[in-house]
Amino acid sequence: MPLAWQESLFGDEPPHAEVAPALGFAHVRRMQLDDRCWLEVARGWLPGHGDLFDELHESAPWQQRERRMYDKDVLEPRLVAAWSAAELSALPARLQDIRAAVSERYSVDFDSVLINLYRDGRDGVAWHGDTVRKRLPEAVVVTVGLGERRRFLLRPGTSGPATVRLETGQGDLVVMGGRAQHEWQHTVPKAARAGARMSITMRHSRPLATGSGPA
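Residues numbered from 1 in each chain as written. Predicted model: local features only at pLDDT ≥ 70, side-chain atom pairs only at ≥ 80, totals over all residues. Heavy atoms only, no water.

**Overview of the sheet that holds strand 1 (residues 29-32)**
Spatially, the seven strands line up as an open sheet ordered 1-2-11-8-13-6-5, and their pairing is antiparallel. Two strands lie at the open edges of the sheet, namely strand 1 and strand 5 (79-84), each paired on one side alone. Taking each pair of neighbouring strands and ignoring which way they run, the sheet shows an average axis angle of 15°. Sheet topology note: the strand 1/strand 2 (residues 37-42) ladder contains four bridges and is antiparallel. Its bridge partner being in strand 2, Met 31 is matched across the sheet by Leu 39. The strands touched by helix 1 (residues 49-59) within the sheet are strand 6 (112-118), strand 8 (141-147) and strand 13 (197-203), with strand 13 carrying the most contacts at an inclination of about 85°. (Pairing = 2+ DSSP bridges. Helix = DSSP H or I, 4+ residues; strand = E, 2+ residues; numbered from the N terminus. Axes fitted to C-alpha atoms, helices over the stretch in contact; angles between N-to-C directions. Contact = heavy atoms within 4.5 Å.)

Structure below.
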């Protein structure tokens, strides 16, 4: 499964490193979407993101899932790899480090890890809110982008144009919190031309503790 993506040409990314330094949050930027929903973003948050992309591309348990649409089963336009519950012990070491860092910052145990692989511009995901909204009144969802930056759009409600526009990849951190999964939707739209991108997404199944949030 050959993939292509382009490193940043602007020299604003952290250098690759065989052993990543501590994953810090000093440069995280908070955006209040509304009274009950928030977004945090840190560009180039993950050192050595290119090495991790290559490692996951070679070793993650990729599969292409089916989804029921219009009374027929269709293949999702992306590949996925997932770990949860007891499977978390098999997470690659770098993913374990990320999970530990964000679990400490947001005071919650992220107990599921899903990686989406968008192989090129023909892969994407439509407007949606994550299914964690069906179980929890509030949730924190962490995403770390690897590979080429792609558009990541958000909108309030279930219709209308995007009101928040990001381009994420190359180690960027994006965290959605509060009631963002209930009251906002997000998408990675298909593109005429795009390189490969992965999104590492971490979620939790237990309710947030009272007063939990960024440490």
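On we go from here.
**Topic: the pairing of strand 10 (residues 164-168)**
Taking every second residue as pointing to the same face, the buried face of strand 10 carries Val 164, Leu 166 and Thr 168, while none of Arg 165 and Glu 167 on the other face is buried. Here five bridges tie strand 9 (residues 150-156) to strand 10, and the two strands are oriented antiparallel to one another. Counted as the bridge partner of Phe 152 is Leu 166 from strand 10. (Buried < 20%, exposed > 50% of the residue type's maximum accessible area, 1.4 Å probe, protein only.)

**A few points about the packing of aromatic side chains**
If you walk through the whole model with that rule in mind, you get three aromatic pairs. With a centroid separation of 6.5 Å and 85° between ring planes, the pair formed by Phe 25 and Tyr 106 is classed as edge-to-face. Here Tyr 106 lies in helix 2 (residues 93-106) and Phe 25 lies in the segment before strand 1, a separation of 81 residues in the sequence. When its relative accessible area of 0% is taken as the criterion, Tyr 106 is described as buried. Every member of this aromatic cluster is reached through a ring pair, and the members are Phe 25, Trp 38, Trp 45 and Tyr 106. Residue placement shows Arg 30 over the ring face of Trp 38; its charged tip is 4.0 Å from the ring centre. (Phe/Tyr/Trp six-rings, centres within 6.5 Å; stacked < 30°, edge-to-face > 60°. Lys NZ or Arg CZ within 6 Å of the ring centre and 35° of its normal.)

**Some remarks on the confidence of the model for the protein**
Chain-level statistics for the protein give a pLDDT mean of 89 and a share of 87% at 70 or above. Within the model, the stretch residues 8-20 combines pLDDT values under 50 with 19 contacts to residues more than four positions away or in other chains. (pLDDT = per-residue confidence, 0-100.)

**Some remarks on the sheet that holds strand 7 (residues 125-128)**
Pairing is antiparallel across the open sheet formed by four strands, whose spatial order is 7-12-9-10. The sheet is open, and its two borders are formed by strand 7 and strand 10, each paired with just one other strand. For this sheet, the mean inter-axis angle between neighbouring strands, taken without regard to orientation, is 15°.

**Remarks on the nonpolar core**
One finds Trp 45, Leu 95, Val 142 and Ile 200 to be the most contacted residues of the largest nonpolar core, which totals 37 residues. With five residues, the top contributor of residues to this core is helix 2. Those residues within four positions of Trp 45 in sequence are excluded, and the remaining contacts are Leu 23, Gly 24, Phe 25, Ile 98, Val 102, Val 144, Gly 171, Asp 172 and Leu 173. Counting residues in hydrophobic clusters, the runner-up holds 19 residues, among them Ala 139, Phe 152, Val 164 and Ala 180. (Core = buried A, V, L, I, M, F, W, Y, C linked by side-chain atoms within 4.5 Å.)

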